[in-house]
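An overview of the molecular structure
Residue-level listing of the chains:
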Amino acid sequence: MNNKLEKCIEQMNALPNEAPHKANIKGKWYTMVQSRIVVFRENFGTSGRISTEIVHSDDERVVMKATICIDGSEVSNGYAEEYRSQGIVNPQSAVENCETSAIGRALAILGLHGGEMSSAFEMDNVISGKKPKAPANKYKMKNKSAVLATAKDESGYLNCCRT
């Protein structure tokens, strides 16, 4: 496996700094996830497996886990989180975007990053100049004169009630 992985990393580093393999984000070349997958598949074929699972999904956000296995052994994991309301892709395709980000991170942790390790959401924020913002609190606990506590979800609200 080590020789194949070394060859894979060399092939990643040899990709040209141009589309469709890479994107220039504020002067740094980011290797696109689809190029990482192609290089992984070319070198590992069916002995390499990429699997994903939804860790969390609700109306607000999605969390995905990607696992890379080679010859049946788990060699890398990557996680990603996407907020459904943020960006131009997530309102319609948060699960797909999150899955791609998780795969990209798992491949990057394996060594197939090509120089930069970031998610599509992070790239979108860099390109657009947006700073990531936390989702608004859905629940507020108030008395007549002030907000006593806020929570993003039901469990947070219940914890506020308990305290």
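Residues numbered from 1 in each chain as written. Predicted model: local features only at pLDDT ≥ 70, side-chain atom pairs only at ≥ 80, totals over all residues. Heavy atoms only, no water.

Comments concerning the overall build of the protein
Each helix and strand in the protein was counted, giving five helices and seven strands. When the helices and strands of the protein are placed in sequence order, the string is α-β-β-α-β-β-β-α-α-β-β-α. Within the span of the protein, comprising 163 residues, buried residues form 35% of the whole. Expressed as a percentage of contacts within the protein between residues at least 6 apart in sequence, the contacts between residues at least 24 apart total 43%. Of the roughly 9,800 Å² of accessible surface on the protein, a fraction of 51% belongs to carbon and sulfur atoms. (Helix = DSSP H or I, 4+ residues; strand = E, 2+ residues; numbered from the N terminus. Buried < 20%, exposed > 50% of the residue type's maximum accessible area, 1.4 Å probe, protein only. Contact = heavy atoms within 4.5 Å. Areas by Shrake-Rupley, 256 points an atom, 1.4 Å probe, with all protein chains shown as cover.)

Overview of the pattern of salt bridges
The tally for this structure, following the rule as stated, stands at one salt bridge. For Glu-81, the salt bridge is made with Arg-61, and the minimal N-O distance between the two is 2.6 Å. You can see Glu-81 sitting in strand β5 (residues 73-83) and its partner Arg-61 sitting in strand β4 (residues 61-70), a full 20 residues away along the chain. Note on Arg-61: relative accessible area 24%, which makes it partly exposed. (Salt bridge = Lys/Arg side-chain N within 4 Å of Asp/Glu carboxyl O.)

A word on the pairing of β5
Where a strand is regular, its side chains alternate between the two sheet faces. One ladder, built from 10 bridges, connects β4 with β5; its direction is antiparallel. Directly across from Met-64, in β5, lies its bridge partner Ala-80. Between β4 and β5, which pair antiparallel one after the other, the connecting turn spans two residues, and Asp-71 there sits at a positive phi close to 50°. (Pairing = 2+ DSSP bridges.)

A few points about the packing of helix α1 (residues 2-14) against helix α2 (residues 33-44)
At a minimum axis separation of 9 Å, α1 and α2 run at an interaxial angle of 145°. Of the two possible hands of crossing, α1 and α2 adopt the one that is right-handed. Residue-level contacts link Lys-4, Leu-5, Lys-7, Cys-8, Gln-11 and Met-12 of α1 to Ser-35, Arg-36, Val-39, Phe-40, Glu-42, Asn-43 and Phe-44 of α2. Here the contact of α1 with α2 is built from residues that sort into six nonpolar, three polar and four charged. (Axes fitted to C-alpha atoms, helices over the stretch in contact; angles between N-to-C directions. Left-handed = near helix turned anticlockwise from the far one by under 90°. Nonpolar A, V, L, I, M, F, W, Y, C, P; charged D, E, K, R; others polar.)

Thoughts on the nonpolar core
Judged by nonpolar contacts, the single largest core of 25 residues is most densely connected at Phe-40, Phe-44, Ile-68, Leu-107, Leu-110 and Leu-112. Breaking this core down by element, the ones donating at least two residues are α1, β1 (22-25), α2, β4 and α3 (90-110). If you tally residues by element for this core, the top one is α3, at seven residues. In contact with Ile-68, other than residues within four places in its own chain, are Phe-40, Arg-49, Ile-50, Ser-73, Glu-74, Val-75, Ser-76, Ala-106, Leu-107 and Leu-110. (Core = buried A, V, L, I, M, F, W, Y, C linked by side-chain atoms within 4.5 Å.)

Some remarks on the side chain of Asn-90
Tracing the backbone through its elements, the reader meets Asn-90 in helix α3. Residue Asn-90 is classed as buried on the basis of its relative accessible area, which comes to 2%. Reaching out from Asn-90, the side chain makes a polar contact with the backbone oxygen of Tyr-83 at a distance of 3.1 Å. A polar contact of 3.5 Å, which involves the side chain of Asn-90, links it to the backbone oxygen of Gln-86. (Polar contact = N/O pair within 3.5 Å; in protein donor to acceptor, adjacent residues only side chain to side chain.)

A closer look at α2
Between its first and last C-alpha atoms α2 spans 16 Å; for 12 residues at 1.5 Å apiece the expected length is 16 Å, and the two agree. Residues of α2 that are buried include every one of Val-33, Ser-35, Arg-36, Val-39, Phe-40, Asn-43 and Phe-44, and no others. Mapping the buried residues of α2 onto a view down its axis gives an arc of 160°, with all of them on the same face. Buried-residue contacts for α2 involve α1, β2 (28-31), β3 (48-57), β4 and α3. (Expected span 1.5 Å × (residues − 1). Arc of directions from axis to C-beta.)

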